[in-house]
Amino acid sequence: MDVISPASTKKDIQLYISNRLEGLRDIFNAADLDALVQKSVGLFEWARLACDYIKGDRYDKTRVIERLGSLLIGTADSGIPIRPLHTSFYAFLEDESKSQGFFVNRSLPESDLAFASLRLMEHGLCFNICSLENSHLPNSAVRNLESRLNESISAELSYSCRFWGRHVQATAFEPSLAKEIEAFFDERLLFWLEALALMENWFTGHAEYVHIITAARDAQEFVRTFGDAILHSTPHLYLSALPFSSPHSTMFRKFAARFPRTPRVINGLITKSHSTARTYRGHAGVMVVATSPDGTCVVWGRESGKDLGGPLNGHASTVWSVAISPDGKRIVSGSNDKTILVWDLETSKPVGNPLLGHTDAVRAVVISPDGTCIVSGSDDKTILVWDVETSKPVGNPLLGHTAFVLSVAISPDGKRIISGSADNTIRVWDKETGQALGTPLQGHTDWVQSVALSPNGHHIVSGSRDTTIRVWDAENGELLCAPLQGHTDDVLSVAVSSDSNLIVSGSADKTIRAWDAATGQAFCGPFEEHTDYVRSVAISLGGIIVSGSDDKTIRMCDLESLIHRVTEAPETSSSSNTFYSVSFVLEGHSIRASRTKDGWFVGPAGSLLLWTPMDLRPSIAHATLVTPDGSSQLDFSSFAHGTSWKECRE
């Protein structure tokens, strides 16, 4: 070795390192390789160890992962992504003070994915991306639509359109990323926007970007109002949705002028947002969750109406109740099989083992506002409180009811539990001690099937088999008004609006009703949205009422839409779907068209001419559409439609 010159040794080490790191040339440039050679100071063993470390050859990854099987899922199946099995392991990895060398900073890759998604959409999205030839056709009638989608929308572009908002929400605020989002709203048509609600918090405290929050809200409202029409026939994003948008909205102000050959307002203005309704069809029996006698749960996206990953299979019998965690990542279900399951919404798999403790059917489950505990009520007459992290009961069962516990609720501060029972009473409990607070609330003459607590914590609302709803003072248990009467059969579900002013109820009489919470007077209804028992109702922050029924559907309607339909003139057509016939004068020719219940004006051979929102479904005179209140008119003289629809754009 003494006769080998240092220069020759250096050259050999350089060649060795270069060959070992051949596959990492995109990371290590010539300067990096030279630095490694210098640090080796002529020692091959140092060079070998350094290369092993850089390439990660020092560990058998498979053996390491297999040993973590109790903490991870997917270790035994290469086709399943590896994920922590329990939320506590997520928390450990993301807390640098605890995990130290194993610390995972999720914000860094999330930021990269957010930037990448926005850039992909910048270059990949375009007008008429799938080259649709005819606006008169629904999407279901477009030739080779599936192959067009595969050719025009790559897997990475599809991913970006669906998940970019999630990556933004998981990223710490960055001005450079905010600029990218600003450009997205300013220059590119908005696609799937279910994640926009998450973005508002991301921009909070950065006043210079407040206009993006406004744009996001407008886009959400746009999708909520016109989503069904766009999904049915995509060209009507431009031909029907934009013309009927509020002129004050970001969508209209930014995009309408770019599509001049669409129906044009010539007299009056559309000044308000429109109402709409949706029906989701599933198995027998926002984010929206439905349960079934077959032991499954189905989860739908609130905006898209599509199920998110298929049924959740795990229970052996009827699923009576479900709840969604505050962060939207977990679902809890209670079943006739006496168990409770916690589900990971992303994987549609149970998290951990079933929660065992009840000795009869679990009728009701709810998650605390801070997401740390689950409360369940059972036919075994008990209530159990569970720790989400350990999946174990906390303290002793809450005892006092003398019959089935049919419903439970938790106060907004998480300190009190409310329960309704087949013993006709309501009880209030201290969650920490498990002790009953005061005496049972008595007044109902039959089973108490649903209880709810107002968001301000002041009122308890109960619905009963005796067909009435009652409102109680949450502090002293006194009735605040006379029973709310109107339903003609069991009241199966009650809910309270976010401002605590409105009560919504669903009944076995197949109707939904709304009530003034302060006076107990009927606010509006009954709404006959279903053809069978209305088992469950909820009301969102935006006034969207969600109802689930034995008719196998879930309905989502905003309150204004329901009120409008109740006061709307009765239908006169004998057709099951057509209101009446009208005439369009388009391009100098008279076209006979029929208006359907869902708002489409349909021409000869079923051609889709135009879609209108529910509250502006109009009468038509010649080439001008006149809205019901006579305040607005639309000019069709420049309307590009049918095979010419692509000319609507400037």
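In case you missed it, the structure is sitting above this.
Just so you know, these numbers come straight off a predicted model, no measurement behind them.

A. Region of interest: the pairing of strand β10 (residues 340–344). Where burial is concerned, most of β10 is hidden: five out of the five residues are buried. Burial along β10 is two-sided: the face carrying I340, V342 and D344 and the face carrying L341 and W343 are both buried. Judged from the five bridges that link them, strand β9 (residues 330–335) and β10 form a sheet pairing that is antiparallel. If you follow R330 over to β10, its bridge partner there is D344. Counting the residues between successive antiparallel strands, the hairpin from β9 to β10 contains four residues, one of them, K338, with a positive phi of roughly 80 degrees. Relative to strand β11 (residues 349–350), β10 runs antiparallel, the two sharing two bridges. Counted as the bridge partner of D344 is K349 from β11. Here β10 folds back onto β11, and the loop between the two strands holds four residues, one of which, S348, carries a positive phi near 60 degrees.

B. The arrangement of helix α3 (residues 44–55) in detail. When the terminal C-alpha atoms of α3 are compared, their 16 Å separation across 12 residues agrees well with the 16 Å that a helix rising 1.5 Å per residue should span. Those residues of α3 lying buried are A47, A50, C51 and D52. Close packing links the buried residues of α3 with α1 (6–20).

C. How the structure looks around the environment of E156. Structurally, the position occupied by E156 is in helix α9 (residues 155–169). On the basis of relative accessibility, which here comes to 45%, the residue E156 falls in the partly exposed class. Between the C-alpha atom of E156 and that of A116, which follows or precedes it by 40 residues, the distance is 9.7 Å.

D. Representation of the side chain of S419 in the model. Structurally, S419 is set in strand β16 (residues 416–421). Overall, the relative accessible area of 0% leaves S419 in the buried class. Among the polar contacts made by the side chain of S419, one reaches the side chain of H401 at a distance of 2.7 Å. Side chain to side chain, S419 and W429 meet in a polar contact 2.9 Å long. With residues near it in sequence (within four places) discarded, S419 still touches I383, H401, V405, S407, V408, T425, I426, R427, W429 and V451.

E. Up close: the sheet that holds strand β24 (residues 512–516). Taken together, the four strands give an open sheet; going across it, the order is β22-β23-β24-β25, and neighbouring strands pair in antiparallel fashion. Taken across any chain shown, the strands that pair with only one partner, and hence form the sheet edges, are β22 (491–496) and β25 (522–527). Put simply, the sheet's adjacent strands are angled 15 degrees from each other on average, direction ignored. Note that β22 and strand β23 (residues 502–507) share five bridges and pair antiparallel. Directly across from A495, in β23, lies its bridge partner V504.

F. Region of the structure containing the side chain of T468. Within the fold, T468 resides in the loop between β20 (459–464) and β21 (469–473). Note on T468: relative accessible area 6%, which makes it buried. Among the polar contacts made by the side chain of T468, one reaches the side chain of H444 at a distance of 3.5 Å.

Rules and cut-offs
- Residues numbered from 1 in each chain as written.
- Predicted model: local features only at pLDDT ≥ 70, side-chain atom pairs only at ≥ 80, totals over all residues.
- Heavy atoms only, no water.
- Buried < 20%, exposed > 50% of the residue type's maximum accessible area, 1.4 Å probe, protein only.
- Helix = DSSP H or I, 4+ residues; strand = E, 2+ residues; numbered from the N terminus.
- Pairing = 2+ DSSP bridges.
- Expected span 1.5 Å × (residues − 1).
- Contact = heavy atoms within 4.5 Å.
- Polar contact = N/O pair within 3.5 Å; in protein donor to acceptor, adjacent residues only side chain to side chain.
- Axes fitted to C-alpha atoms, helices over the stretch in contact; angles between N-to-C directions.

All we've got here are geometric facts, nothing functional implied.
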